[in-house]
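The lines below spell out each chain.
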Amino acid sequence: LAFAKAQRSSIVAGVVVMLAGTVTAMACFWSLYTDHSVRFNSFRSGRAFYRLPPLPIMYDSKTGREITVNDAGESADSEPEWEAERKAKTADPLTESSSEIWEQARIAIQQENLSKAQPLLQRFLAVTSQPTIEEDTDQQQRRNAAYDMLDALTARQQGSKTKSVQAYLLARAALDEAVLDFEAAGANFPGNPEENEHWKQAQNLLNEAIADRNLQDNWSYLQGALFFHARLQDSARKAFQQHAAKYPRSEKSEAAMYMVAKLTMVFSHSFENIGCGVMDTDDWGNAIDPAKIVPTEKCQDSSWQLAVKEFQELMRKYPNGRYFNNARGWLAYLYRRGGERARALAEYYRLLGHPTDWGARLEAKKSLQIIGHNYDDATLDQVEALIANDANAALAYAYHRIYNHAVDYTYQEASGWNHYDENERWQKKQEEEKRVAEAHKTGQHELGRVARFATAMMKRHPQARVSGAFVLRVAQAQFELRNYAEALGLARKALAIGIEGDLRAQALWVKGSAEHQRKDLHAARGTFNQLIAAFPKANLTEGARRLLAITAEDQGDFETALEQYLALHYNYDVAYFMDVLLSTERLAKFVARHKHVAQYNELVYALGIRYLRDNRWNDARATLQQVQTNPGPRSEDWQLSGNESRRNFEKYPDWDWNEKPYIKTSWVRQDLKTIEVLERLEQAVDAAQGDEAKAEAMYQLASYQFDANALLFYNPVAWRGQRYWLLSDLDGSDLTRLPNESQMIFNYSQSHETLARAIPLYLEVVTRFPHTKTAKDALYTAAVAHQHLSNLNPYWRGVYGQGLFVGSQLVTYADVKRAYSNYQLPRGTNGWEASTRTVNGGPGWTPPPPKPKPVTKPTRVQRLKRFLKHVVADLHTNLQRKADAVEKRYTTIVERCLAVILWILGGLGVWYGAVLGLHFWKQRLAVHEPELTGLFASDLPPKNLPDSESRVERVIGNDS
């Protein structure tokens, strides 16, 4: 049963993931936000709060709630805590243990305890009856096996022996395990299923089946299932056909017919070819290449037509059968793939309007989500004609079409086009405005169509319940068309007709929303209270409480709004009301009247922080001492920051938010220490005597806050580390609901920010004690505070960028120099520590250069000594100059004499070298005496010379 449906399930799963991804992408900028809020909501704002929720596409068995497209981008943990707790208390303990139930049934079958196995299988089917977002891949296969096993167990009532029934159950279980093995193998289906042990076990049990008349049809059906899961589709189809023909009265006959139709469908051309018969656009409304359009006759081949007839025959023969809605779903699938869009939509809307089968409705909604919502008038005219006689389908159609065209379209702000140049930005903005105008026009057209269709259905179906339901649909359409008076009248009419259940809740919703839009706040509040009281656990309860809170806000009743946000566990809205909107006195009265609420401890802590910001020390101390705290796990006190170590500020929210939040003991201890310090500094101001002392005391009071950590007045348990991001995005956006809400945020920010709290105190010092030394430092520090605050974060940059500022005046460094022209500015603004008047731990000002020594008139003795000193110095200078001249002159003479001597010595050396050279030349000629006769013989020296005589002397002697 799993092959064809597995393909469709994979497509559906992919679309669900795609939808979830789309929602996540839309909410990328709102990553901290949730749908469970009013001001910090990532999915809706304005009129979207009054819209009824979309139809669900999945079911979350863990929380017991339906999953809509909006929910697809959120985790199950985002459900309000009160709802999760209520579901946990009322949920069946076996809901989360379907695998355990299945395992118990399997063991009971192996032990031949079929009396125990039967209720366990029934229980398994009960707890897995709805398609879930966390559904296991093997759940549907096990459900198919459970149905088959229960069919076989009926043979015991007809006289079959336990052994015979057990043999079949074991074979079916073995087949089921083999199928799971194949699915685990992924897309690579084993070429030979005989290699699988479970498969061989099932085949052997089938071959050795005990002859039992009551189980022959079951064994016959199992043979077809074996072929089917072996991908032998033709053999499987023939086996199921033979079964249907041979056992027409079998409990497996419907299943066999269903499998025959599915296998016939698989052989059609359109089964795996999207776009068959489409003439203009594909299923998603995109234009397609005409050359790629498949002719309708090719899509609606013989297998397609036969499959349609077989599914229709199954639905005719078994109108209340187990596979009726499955057959309708596949019939719609065939129509869509065969180019019959109108007929496909009609079948899906019939499924969507099924009065009892929740699973069928969810499957239909998913399918409709896949194929989209944009169709031409001709197609929708055909759809409306096809479903006109089916009131449930018509109601589902009206609701679905209203919701999918009830959209508040807005074009992107100009800032969204900053990445374009000037010309492109203007063009893109014009294109966006045109797109939105077209969307509005289309939406108005579709809503008008639905209103006309629902009006016609009121006449066609005059029964009170059905007619009242269509009146409600018209009211919905009129509300979306902003015809609030008509919507209110129709909602009242629907209620007067006597509609009940979800329809009555929806009618009250539309009535209250219309009253609110018409500014009849008292009536709207009464209607929403009536809805909550009548349907305290309905799917609309959360939205109704939210609308009641919005209405109360519009009436200025913040206390009632806060009650609703506490009941809904809208944590960020609760923080916003406790910390920003409610005055301290109103919050104190609220806390006193709500000691029973689960968040009472958080309320008390919030009140203590408010007293702290208001400088009400006794009230703050007494209130904080009532808070129940938790020391929490020991965290690392020291962390490295660059080359320095610093201590984490105590009020940093560093606990695990996956656990239930609590108020840490260290936070309250830090708050009490802050009270102690500020109270002491204020007392010092009161006790100071004189202007200088008074100015210095006030300066130190301001400087404690200037130098303090930014979290000094922070409420960690309320904001959970997200205060700045939430409020900065909220301020100035269309999510603010009160006329002066931006001003309230600005006032709150000034009381919360330590720099902002210090500025007025510094200015007061300057105003009251302008001529004191401290006033100069106070005015300078105020300028530093303004500079730091104006660039602290985007919120404060925006405030100062608009020309706003904290305190009575904006102080700059030029203002300081104008007020105190002789004041030397400290050597740095970054790192200025006001209380100690230092910069980065060092001196605040550059040290001045040393002063010159004073000049005194010398005495006579000093003048005489100075004169003699000058004379001696001059004489020494003259003598030294003459000595240097003499030394220079004689040095020159010596140098010249040395030069002459060196020249003479050089000449003698040259002469001596020449004589020696000539001598050696002549000695060389004597070696060749025989050849040197004649002309040069007389010139040769004697052959034998005495050793005592020098050759040089001899030469000299001869010459002489």
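Residues numbered from 1 in each chain as written. Predicted model: local features only at pLDDT ≥ 70, side-chain atom pairs only at ≥ 80, totals over all residues. Heavy atoms only, no water.

Taken in spatial order, the three strands make up an open sheet running 5-6-7, and their pairing is antiparallel. Each edge of the open sheet carries a strand with a single partner, namely strand 5 (832–833) and strand 7 (842–843). (Pairing = 2+ DSSP bridges. Helix = DSSP H or I, 4+ residues; strand = E, 2+ residues; numbered from the N terminus.)

So, about the nonpolar core. Tyr576 and Trp719 are the most contacted members of the largest nonpolar core, which has 199 residues in total. In terms of residues, this core owes the most to one element, helix 10 (residues 253–266), which gives 10 residues. Once you skip the residues sitting within four places of it in the chain, tyrosine 576 turns out to touch Arg39, Phe40, Leu581, Trp719, Leu727, Leu730, Glu741 and Ile745. Judged by nonpolar contacts, the second largest core, of 38 residues, contains Leu114, Tyr168, Ala178 and Leu206. (Core = buried A, V, L, I, M, F, W, Y, C linked by side-chain atoms within 4.5 Å. Buried < 20%, exposed > 50% of the residue type's maximum accessible area, 1.4 Å probe, protein only. Contact = heavy atoms within 4.5 Å.)

Under the definition given, this model contains 35 salt bridges. The shortest N-O distance in the salt bridge between aspartate 151 and lysine 252 comes to 3.2 Å. Here aspartate 151, found in helix 5 (residues 139–153), pairs with lysine 252, found in the loop between helix 9 (233–246) and helix 10; they are 101 residues apart in sequence, far enough to count as distant. Exposure remark for aspartate 151: the relative accessible area of 7% places this residue in the buried category. Across the pair aspartate 815 and arginine 818 runs a salt bridge, and its minimum N-O distance is 2.2 Å. Here arginine 818 and aspartate 815 lie together in helix 37 (residues 813–819), a separation of three residues that amounts to about one turn. Shared partners join several salt bridges into a network, and the residues in it are Arg39, Glu553, Asp554, Arg737 and Glu741. (Salt bridge = Lys/Arg side-chain N within 4 Å of Asp/Glu carboxyl O.)

Between its first and last C-alpha atoms helix 35 (residues 773–790) spans 27 Å; for 18 residues at 1.5 Å apiece the expected length is 26 Å, and the two agree. Where burial is concerned, most of helix 35 is hidden: 13 out of the 18 residues are buried. (Expected span 1.5 Å × (residues − 1).)

Glancing now at a positive patch on the surface. Among the surface-exposed residues, Lys857, Arg860, Arg863 and Arg866 lie close enough to one another that they form a single positively charged patch. With respect to the element layout, arginine 866 can be found in helix 38 (residues 860–926). You can call arginine 866 partly exposed: its relative accessible area is 44%. (Patch = residues over 30% accessible without salt bridge, like charges linked within 9 Å, V, L, I, M, F, W, Y side chains within 5 Å. Areas by Shrake-Rupley, 256 points an atom, 1.4 Å probe, with all protein chains shown as cover. Lys, Arg positive; Asp, Glu negative; His and termini not counted. Charge placed at Lys NZ, Arg CZ, Asp CG, Glu CD.)

Attention now goes to the side chain of threonine 560. Within the secondary structure, threonine 560 sits in helix 24 (residues 558–568). Once residues lying within four places of it in the same chain are set aside, the contact partners of threonine 560 are Arg525 and Ala552.

Counting across every chain of the model gives 27 aromatic pairs. Plain terms: the ring middles of tryptophan 102 and phenylalanine 124 are 5.2 Å apart, the flat faces sit at 50° to each other, and that makes the pair tilted. One end of the pair, tryptophan 102, is in helix 3 (residues 98–110); the other, phenylalanine 124, is in helix 4 (residues 114–127), with 22 residues separating them in the sequence. Note on accessibility: tryptophan 102 and phenylalanine 124 belong to one class, buried. Residues phenylalanine 558 and phenylalanine 577 carry aromatic rings whose centres are separated by 5.7 Å and whose planes lie at 85° to one another, so their mutual orientation is edge-to-face. Taken together, the residues span a long stretch of sequence, with phenylalanine 558 in helix 24 and phenylalanine 577 in helix 25 (residues 571–581) at a distance of 19 residues. (Phe/Tyr/Trp six-rings, centres within 6.5 Å; stacked < 30°, edge-to-face > 60°.)

Looking now at unusual backbone geometry. Even without being a glycine, histidine 569 presents a positive backbone phi close to 60°. Note on placement: histidine 569 falls in the loop between helix 24 and helix 25. With relative accessibility at 18%, the residue histidine 569 sits in the buried group. If you check the backbone angles, arginine 837 has positive phi at about 55° while not being a glycine. Position of arginine 837 relative to the elements: it lies in the loop between strand 5 and strand 6 (838–839). For arginine 837, a relative accessible area of 18% puts it in the buried group.

This part covers helix 19 (residues 464–480). Given a rise of 1.5 Å per residue, 17 residues ought to cover 24 Å, and the 24 Å separating the end C-alpha atoms of helix 19 matches this to within 8%. Along helix 19, 15 of the 17 residues are buried, which leaves the element largely enclosed by surrounding structure. Directly after helix 19, the chain includes arginine 482, whose backbone phi takes a positive value near 70°.

Two quantities define a packed helix pair, namely the angle between the helix axes and the distance between the axes. Closest axis-to-axis distance for the helix 30 (residues 691–707)/helix 34 (residues 754–768) pair is 8 Å, and the angle between their directions is 165°. By the angle between their directions, the pair helix 30 and helix 34 is classed as roughly antiparallel. Helix 30 and helix 34 meet at a crossing whose hand is left-handed. Across the interface between the two elements, Ala695, Met698, Tyr699, Leu701, Ala702, Ser703, Gln705 and Phe706 of helix 30 pack against Thr754, Leu755, Arg757, Ala758, Leu761, Tyr762, Glu764, Val765 and Arg768 of helix 34. (Axes fitted to C-alpha atoms, helices over the stretch in contact; angles between N-to-C directions. Parallel < 35°, antiparallel > 145°, perpendicular 65-115°, else oblique. Left-handed = near helix turned anticlockwise from the far one by under 90°.)

Another aspect to go through is a nonpolar patch on the surface. A surface patch of nonpolar side chains, amounting to about 770 Å² of accessible area, comprises Val894, Leu898, Val900, Ile901, Leu902, Ile904, Leu905 and Leu908. Position of leucine 905 relative to the elements: it lies in helix 38.

A separate point is the packing of helix 27 (residues 600–613) against helix 28 (residues 617–624). Packing of helix 27 against helix 28 brings their axes to within 8 Å, and their N-to-C directions diverge by 160°. By the criterion of interaxial angle, the relationship of helix 27 to helix 28 is roughly antiparallel. Where helix 27 crosses over helix 28, the two elements pack in a sense that is left-handed. In this structure, helix 27 uses Val604, Tyr605, Leu607, Gly608, Ile609, Tyr611 and Leu612 to contact helix 28, whose residues at the interface are Trp617, Asp619, Ala620, Thr623 and Leu624.

Now for the confidence of the model for the protein. Within the protein, residue pLDDT values average 80, and 77% of them lie at 70 or more. With pLDDT under 50 throughout, residues 72–96 is counted as low confidence; its partners more than four residues away or in other chains account for 40 contacts. Scored below 50 in pLDDT, residues 928–940 shows five contacts in the model against residues more than four places distant or in partner chains. (pLDDT = per-residue confidence, 0-100.)

Moving on to the environment of arginine 797. Here arginine 797 lies in helix 36 (residues 794–801). A relative accessible area of 38% means that arginine 797 is categorised as partly exposed. When near neighbours in sequence (up to four residues on either side) are disregarded, arginine 797 contacts Ser790, Asn791 and Leu792.

Among the structural elements, leucine 206 can be located in helix 7 (residues 197–207). With relative accessibility at 11%, the residue leucine 206 sits in the buried group. Separated by 20 residues in sequence, leucine 206 and leucine 226 place their C-alpha atoms 9.7 Å apart. If we skip the residues at most four places from it in the chain, leucine 206 touches Trp219, Gln223 and Leu226.

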